[in-house]
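Observations on the three-dimensional arrangement
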Amino acid sequence: MSDLERRLATDHPSALDLEAFRTALAARAEAAGEVDVAYGALDSPVGELTVFVTPRGVVRIAFADEERDAILGEMAARLSPRILPAAAATDTARRQLDEFLAGRRHEFDLPLDWSLVRGFAVGVLRATAAVPYGSTTTYREVAAAAGSPRAARAAGNALGSNPIPIVVPCHRVLHASGGLGGYAGGLDRKRVLLRLEGSLPPDQGTRWGRPASRCT
């Protein structure tokens, strides 16, 4: 048990159940500047999403299919081991995602933390973030926007490691032939997002598929 946990346990020896204890721990740790990565969950039309934020902004959005322990390990190794569930810190991002997925928001107004992205991928994902609601583009076009028009395959690899899906809308990037390509949460989720934006006609039911990568 950390010093912070001991202090909380001493202050509240029996009044808090586990969930309330965690909430109090997160609030106290955040107030003390002891949280580098906070996360909170959101139920949505594409399944539960987990939103991770740092003081710089949204750093990661995970679908329910992704292994929570693996993600926490990634965050600890690449960013900081000081990670806590802290819903309040993620409120703005979760509210905007909820509004977007309900069709009430067309643009996100969120700071983004690109710490999990390197090199050419930064340009590709920034170009992807600029694709307007209701529009689609291709791998070649985002590669060109990132400064390398012949690097469509590399652009696909960069989209395959997009850590902030939906907010950075890799679902709007398609094959030049018009094919959907792949998607982190499975093609059914990609279709749902494109239909939400009016980029695909509605059709019958969907089943979430297990992804091979985040966005391709």
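Read on for a plain summary of the structure.

Take the overall build of the protein next. When its secondary structure is counted, the protein shows eight helices and six strands. Reading the protein from its N terminus to its C terminus gives the helix and strand order α-α-β-β-β-α-β-α-α-β-α-α-β-α. Residues counted as buried form 45% of the 216 residues belonging to the protein. Contacts spanning at least 24 positions in sequence make up 59% of the contacts within the protein whose residues lie at least 6 apart. Total accessible area on the protein is roughly 10,800 Å²; 50% of this is exposed by carbon and sulfur atoms.

This next bit is on the layout of surface pockets. Considered as a void within the structure, the second largest pocket measures approximately 230 Å³ in volume. If you go around the second largest pocket, you meet 13 residues; those closest to its centre are Glu107, Phe108, Ala129, Val167 and Arg172. Split into classes, the residues belonging to the lining of the second largest pocket amount to 10 nonpolar, one polar and two charged.

Counted according to the given criterion, the structure contains three aromatic pairs. Summarising the aromatic geometry, the rings of Tyr39 and Phe52 are spaced 5.3 Å apart at their centres and angled 35° between planes, so their arrangement reads as tilted. With a gap of 13 residues between them, Tyr39 in strand β1 (residues 37–42) and Phe52 in strand β2 (residues 49–54) connect regions that are remote in the sequence. The pair Tyr39 / Phe52 is uniform in exposure class, with both members buried. Ring geometry for Phe100 against Phe108: centres 5.0 Å apart, planes inclined by 35°, an arrangement best described as tilted. Here Phe100 falls in the buried class, since its relative accessible area comes to 0%. For Phe108, a relative accessible area of 21% translates into the label partly exposed. Of the aromatic side chains, those joined through ring pairs into one cluster are Phe100, Phe108 and Tyr133.

To continue, consider helix α5 (residues 120–129). Given 3.6 residues to a turn, an α-helix orients residues that are three or four positions apart in the same direction. For α5, the set of buried residues is Ala121, Val124, Leu125, Ala127 and Thr128. In an axial view of α5, the angular spread of the buried residues amounts to 155°, which keeps them on one side of the axis. The inward-facing, buried residues of α5 abut α6 (139–145), α7 (152–160) and β6 (173–174).

Closest axis-to-axis distance for the α5/α7 pair is 9 Å, and the angle between their directions is 80°. By the criterion of interaxial angle, the relationship of α5 to α7 is roughly perpendicular. Counted together, Phe120, Ala121, Val124, Leu125 and Thr128 of α5 and Ala154, Ala155, Ala158 and Leu159 of α7 form the full contact between these two elements. Residues that form the contact of α5 with α7 fall into these classes: eight nonpolar, one polar and no charged.

Another aspect to go through is the pairing of β1. With respect to burial, β1 is a largely interior element, five of its six residues being buried. Two strands pair when backbone bridges link them, and β1 and strand β4 (residues 83–85) are joined in this way by three bridges, in the parallel orientation. The partner of Val37 across the bridge, within β4, is Ile83. Connecting the antiparallel pair β1 and β2 is a turn made up of six residues, with Gly47 showing a positive phi of about 90°.

Moving on to the pattern of salt bridges. Evaluated as defined, the whole model comprises 12 salt bridges. A salt bridge links Arg60 to Glu66, with the nearest nitrogen and oxygen atoms 2.8 Å apart. Owing to a relative accessible area of 2%, Arg60 belongs among the buried residues under this scheme. Arg60 serves as the salt-bridge partner of Glu74, at 3.5 Å between the closest nitrogen and oxygen. With Glu74 in helix α3 (residues 68–78) and Arg60 in strand β3 (residues 57–63), this residue pair connects regions lying 14 residues apart in the sequence. Exposure class is identical for Glu74 and Arg60. Each is buried.

What counts and what doesn't
Residues numbered from 1 in each chain as written. Predicted model: local features only at pLDDT ≥ 70, side-chain atom pairs only at ≥ 80, totals over all residues. Heavy atoms only, no water. Helix = DSSP H or I, 4+ residues; strand = E, 2+ residues; numbered from the N terminus. Buried < 20%, exposed > 50% of the residue type's maximum accessible area, 1.4 Å probe, protein only. Contact = heavy atoms within 4.5 Å. Areas by Shrake-Rupley, 256 points an atom, 1.4 Å probe, with all protein chains shown as cover. 1 Å grid on protein atoms, 1.4 Å probe; cavity = no way out; pocket = protein on both sides within 12 Å on 5 of 7 lines; lining within 4 Å. Points joined across faces, edges and corners; volume = space filled by probe spheres on them. Nonpolar A, V, L, I, M, F, W, Y, C, P; charged D, E, K, R; others polar. Phe/Tyr/Trp six-rings, centres within 6.5 Å; stacked < 30°, edge-to-face > 60°. Arc of directions from axis to C-beta. Axes fitted to C-alpha atoms, helices over the stretch in contact; angles between N-to-C directions. Parallel < 35°, antiparallel > 145°, perpendicular 65-115°, else oblique. Pairing = 2+ DSSP bridges. Salt bridge = Lys/Arg side-chain N within 4 Å of Asp/Glu carboxyl O.

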